Amino acid sequence: SKPWTFQLRDHYSNIPISNTTASNILNFLGEEYNFEENSAKSSQLSIQYRLGDLEQLSNKSPIDASRIEDIVNKITAVNPELEIVLFSDSIEKASMYLNGVRGEVLPQRKSAWETIKLCLDSKFFVGTSSKLSYWIAILRLFNGENSTVFLPIECKEIMDKISRSEEHTSELQSRETI
């Protein structure tokens, strides 16, 4: 007889992220990736665009590229000096989909930890519906000053739940959504 394989999946998005957890992650990034808390933000706008399996699923789909393009174009109209950096699990497709961005988009193939670190260092962050984007947004809020984050409105409920720390909830709720 064959052994059975059992898979259990669940979301931990109802559990708020504590200051201690965020601080521990930021400390790890500092040790492993030379990241300094409250470091001066670079002149980059980072995009984390999840595609992956979302294009094949019948009950989910990726964020429409035009929504990302619109917010990136608004930001770069006011900040033309920004370098636009793209991170994705499907970098070629994401680059192709974001052809309406005014300016050069620099695709980057990085590990999850490197992506988090580089997105934390950016002046602006545009994320999508992904756990990686949620972590980046939360860590940017915990990391502090002038941390501008743009997420799809579909992420609001999850972000409200995991960012229940009182000092950060009002900051998150005042962020623009795409």
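Note: the structure precedes this text.
Residues numbered from 1 in each chain as written. Predicted model: local features only at pLDDT ≥ 70, side-chain atom pairs only at ≥ 80, totals over all residues. Heavy atoms only, no water.

Trainee: Looking at this model, I keep getting lost on the overall build of the protein. Mind explaining?
Mentor: If you tally the helices and strands in the protein, you get 7 helices and 5 strands. Going from N to C terminus, the protein has its helices and strands arranged as α-β-α-β-α-β-α-β-α-β-α-α. Going through the 178 residues of the protein one by one, you find that 42% of them count as buried. Within the protein, contacts between residues at least 6 apart in sequence are counted, and of these 70% link residues at least 24 apart. (Helix = DSSP H or I, 4+ residues; strand = E, 2+ residues; numbered from the N terminus. Buried < 20%, exposed > 50% of the residue type's maximum accessible area, 1.4 Å probe, protein only. Contact = heavy atoms within 4.5 Å.)

Trainee: What's the story with the environment of glutamate 114 in this structure? I'm lost.
Mentor: Inspection of the secondary structure assignment puts glutamate 114 in helix α4 (residues 112–121). Counting along the chain gives 85 residues from glutamate 114 to leucine 29, while the straight-line C-alpha distance between them is 8.9 Å.

Trainee: What is the right way to read the environment of glycine 127 from this model?
Mentor: Residue position: glycine 127 is located in the loop between β4 (124–126) and α5 (131–143). On the basis of relative accessible area, glycine 127 is assigned to the buried category, the value being 0%. With 40 residues separating them along the chain, glycine 127 and phenylalanine 87 place their C-alpha atoms 9.7 Å apart.

Trainee: Help me understand the sheet that holds strand β1 (residues 44–49), please; the structure alone is not making it clear to me.
Mentor: Pairing between the strands of a sheet is mediated by backbone hydrogen bonds and can be parallel or antiparallel. What the 5 strands build is an open sheet, ordered β3-β2-β1-β4-β5; its pairing is parallel. This sheet does not close on itself; its edge strands, each paired only once, are β3 (105–108) and β5 (148–150). Shown here is a sheet whose adjacent strand axes are inclined to one another by a mean of 20°, direction ignored. In terms of strand pairing, strand β2 (residues 83–88) meets β3 through 4 bridges, oriented parallel. Bridge assignment links leucine 86 to a residue of β3, and that residue is proline 107. This element, helix α2 (residues 65–78), spans β1, β2, β4 and β5 of the sheet and lies at about 175° to β1. (Pairing = 2+ DSSP bridges. Axes fitted to C-alpha atoms, helices over the stretch in contact; angles between N-to-C directions.)

Trainee: Got a minute to help me understand the side chain of serine 133 in this structure?
Mentor: As for its placement among the helices and strands, serine 133 is situated in helix α5. Separated by 2.5 Å, the side chains of serine 133 and glutamine 48 make a polar contact. Sequence-distant contacts of serine 133, defined by excluding residues within four places in its chain, comprise Gln48, Phe125, Gly127, Thr128 and Leu151. (Polar contact = N/O pair within 3.5 Å; in protein donor to acceptor, adjacent residues only side chain to side chain.)

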